[in-house]
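# Architecture at a glance
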Amino acid sequence: MTDPTTSAAIAAGTEPGGRVDQAARSLWSDVFRRMRRRPDVIIATLISLFFVIVAVFPSLFTATDPQRCDISESRLPPQGLGGEHPFGTNLHGCDVLAQLVHGARPSLVLAFTVVGISLIIGLVLGTVSGYYLGWVDAVTSRVLEIFLVIPLLLAALLLLSLFRNVDFGGGQLSSIVQPAIVLILFSWMGYTRYVRASVLEAKNLDYVAAARSLGASDLRLMFSHILPNAIGPVTALVPTSIAGVIATEAVLAFLGIGVRPPAVSWGIMISDGAEWFTGGFPHLLLFPLGCLLATILSFVVIGDNLRDALDPKLR
């Protein structure tokens, strides 16, 4: 017969002696150990952290106002780190370095906002639908299927074009509200599917059954016992999703329906610099494009290696 200590340990989500909890800690310790041994992961992490710091503390890298433009200094070539305009100026005489630094914030804030809110939606919907099944799962699955068949870029083009004249106020961050709403609307489905599949597997485990028999509520079972053990596969989606949102924002800004002037973003800089690439001013395109690609690739590398590290077949 199981003693009270054993039952309480099982109900808490661990085996006697904390073996399951230790296994979870061991999993993430093993993931961290595998990740830090990869030179590409270390380089990608440093690059992504660098751009995050640039976005959070732009004043550390430039004291120039990105909106301060002098048409008499239009299209100056790069002058090096000792010059007044190290990366040159654009068509309107704005400092390219200042715009690069301040352009990182809208892209990264948008990406983290979209991924964070989409992840929360996916966790809640996936957990509830996987736990209860029945009509809850049926409704969630049908809605999910509807959103899955709608191409993200096409939907974003349509919705942002329809509501492009809606004013959310001035300022750089207010310019990301519309793209954020649209991208969140079409970004929660993948998280929901992964969480639902993990919950279906985890909810029949012995410690969940023991906790249920001891009177644990559905809410406690879902978010204290099932979800922490089902969240692993979803974690690997986050870095890759951040890279995807950054790329999508650049495409939308390039098309003129994402982050729009007078705000500054890498997508806007790429759009403005593309026409001058063959006109003798390639730096107007190459600098923002290089920052964009470096950021995207760094998050993709982290996401791919995290997925491999969490895959039990590769461990």
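Now for a description of the structure that goes with this document. Note that this is a predicted model, so its numbers are computed, not measured. (Residues numbered from 1 in each chain as written. Predicted model: local features only at pLDDT ≥ 70, side-chain atom pairs only at ≥ 80, totals over all residues. Heavy atoms only, no water.)

### A word on the overall build of the chain
Secondary structure assignment for the chain yields 14 helices and zero strands. Written out in order from the N terminus, the α and β elements of the chain read α-α-α-α-α-α-α-α-α-α-α-α-α-α. For the chain, the proportion of its 315 residues judged to be buried stands at 42%. Residue pairs at least 24 apart in sequence account for 71% of intrachain contacts in the chain once pairs closer than 6 positions are excluded. Surface accessibility of the chain: about 16,200 Å² in total, with carbon and sulfur atoms responsible for 66%. (Helix = DSSP H or I, 4+ residues; strand = E, 2+ residues; numbered from the N terminus. Buried < 20%, exposed > 50% of the residue type's maximum accessible area, 1.4 Å probe, protein only. Contact = heavy atoms within 4.5 Å. Areas by Shrake-Rupley, 256 points an atom, 1.4 Å probe, with all protein chains shown as cover.)

### Looking at the side chain of Thr192
Along the chain, the position of Thr192 falls in helix α8 (residues 189-202). According to the relative accessible area criterion, Thr192 is buried, its value standing at 1%. One polar contact links the side chain of Thr192 to the main-chain carbonyl oxygen of Trp188, over a distance of 3.0 Å. With sequence-adjacent residues up to four places away left out, Thr192 is seen in contact with Ile121, Gly122, Leu125, Gly126, Thr140 and Leu144. (Polar contact = N/O pair within 3.5 Å; in protein donor to acceptor, adjacent residues only side chain to side chain.)

### What about the pattern of salt bridges?
Side-chain pairs of opposite charge can arise whenever the charged atoms involved come near each other. Applying the stated criterion across every chain, the model contains five salt bridges. Here Asp304 makes a salt bridge to Arg307, at a shortest N to O gap of 3.7 Å. Of the two residues, Asp304 and Arg307 both sit in helix α14 (residues 283-310), three residues apart, roughly one turn of that helix. Taking the relative accessible area as the measure of exposure, Asp304 reaches 28% and is therefore partly exposed. One connected set of salt bridges, linked through shared partners, spans Asp304, Arg307 and Asp308. (Salt bridge = Lys/Arg side-chain N within 4 Å of Asp/Glu carboxyl O.)

### Concerning the nonpolar core
Across soluble globular proteins, nonpolar side chains show a tendency to be buried alongside one another. Judged by nonpolar contacts, the single largest core of 53 residues is most densely connected at Leu110, Val114, Val245, Ile246, Trp266 and Leu292. Not counting residues up to four positions away in its chain, the partners in contact with Ile246 are Ser107, Leu108, Ala111, Leu292, Thr295, Ile296 and Phe299. Listed in part, the eleven residues of the second largest apolar core include Leu160, Val182, Trp188 and Ile257. (Core = buried A, V, L, I, M, F, W, Y, C linked by side-chain atoms within 4.5 Å.)

### Concerning helix α10 (residues 218-230)
Residue pairs spaced three or four apart in an α-helix point in one direction, given the helix's 3.6 residues per turn. Between its first and last C-alpha atoms α10 spans 16 Å; for 13 residues at 1.5 Å apiece the expected length is 18 Å, and the helix comes up short by more than 12%. Buried within α10 we find Leu221, Met222, His225, Ile226, Leu227 and Ala230. (Expected span 1.5 Å × (residues − 1).)

### Here we look at the environment of Thr62
Along the chain, the position of Thr62 falls in the loop between α3 (39-56) and α4 (96-132). C-alpha separation for the pair Thr62 and Asp95, spaced 33 residues apart in sequence, amounts to 9.9 Å. Excluding residues that lie within four positions of it along the chain, Thr62 makes contacts with Ala98, Val101 and His102.

### Let's talk about a nonpolar patch on the surface
There is a patch of nonpolar side chains on the surface, built from Phe50, Ile53, Val56, Phe57, Leu60 and Phe61 and spanning about 560 Å² of accessible area. Secondary-structure assignment places Phe61 in the loop between α3 and α4. Classification of Phe61 as partly exposed rests on a relative accessible area of 32%. (Patch = residues over 30% accessible without salt bridge, like charges linked within 9 Å, V, L, I, M, F, W, Y side chains within 5 Å.)

### A short note on the environment of Ile257
Here Ile257 lies in the loop between α12 (237-254) and α13 (266-274). A sequence separation of 100 residues divides Ile257 from Leu157, and the C-alpha atoms of the two residues are 7.2 Å apart. In contact with Ile257, other than residues within four places in its own chain, are Ala156, Leu157, Leu160, Ser161, Arg164 and Leu252.

### So, the side chain of Thr62
A relative accessible area of 11% means that Thr62 is categorised as buried. Here the side chain of Thr62 touches Thr64 through a polar contact of 3.1 Å, landing on its backbone nitrogen.

### Examining the packing of aromatic side chains
Tallying each qualifying case throughout the model produces nine aromatic pairs. With centroids separated by 5.6 Å and ring planes inclined at 80°, the aromatic side chains of Phe51 and Trp266 adopt a geometry described as edge-to-face. Residue Phe51 is located in helix α3, and its partner Trp266 is located in helix α13; the two are separated by 215 residues in the primary sequence. Each member of the pair, Phe51 together with Trp266, is buried. Their ring planes at 80° and their centres at 6.1 Å tell us that Trp276 and Phe281 sit as a pair that is edge-to-face. (Phe/Tyr/Trp six-rings, centres within 6.5 Å; stacked < 30°, edge-to-face > 60°.)

### Comments concerning unusual backbone geometry
Most peptide bonds take the trans form, and the phi angle of most residues other than glycine is negative. Look at Leu133: it is not a glycine, yet its phi comes out positive at around 55°. Mapped onto the secondary structure, Leu133 falls in the loop between α4 and α5 (134-148).

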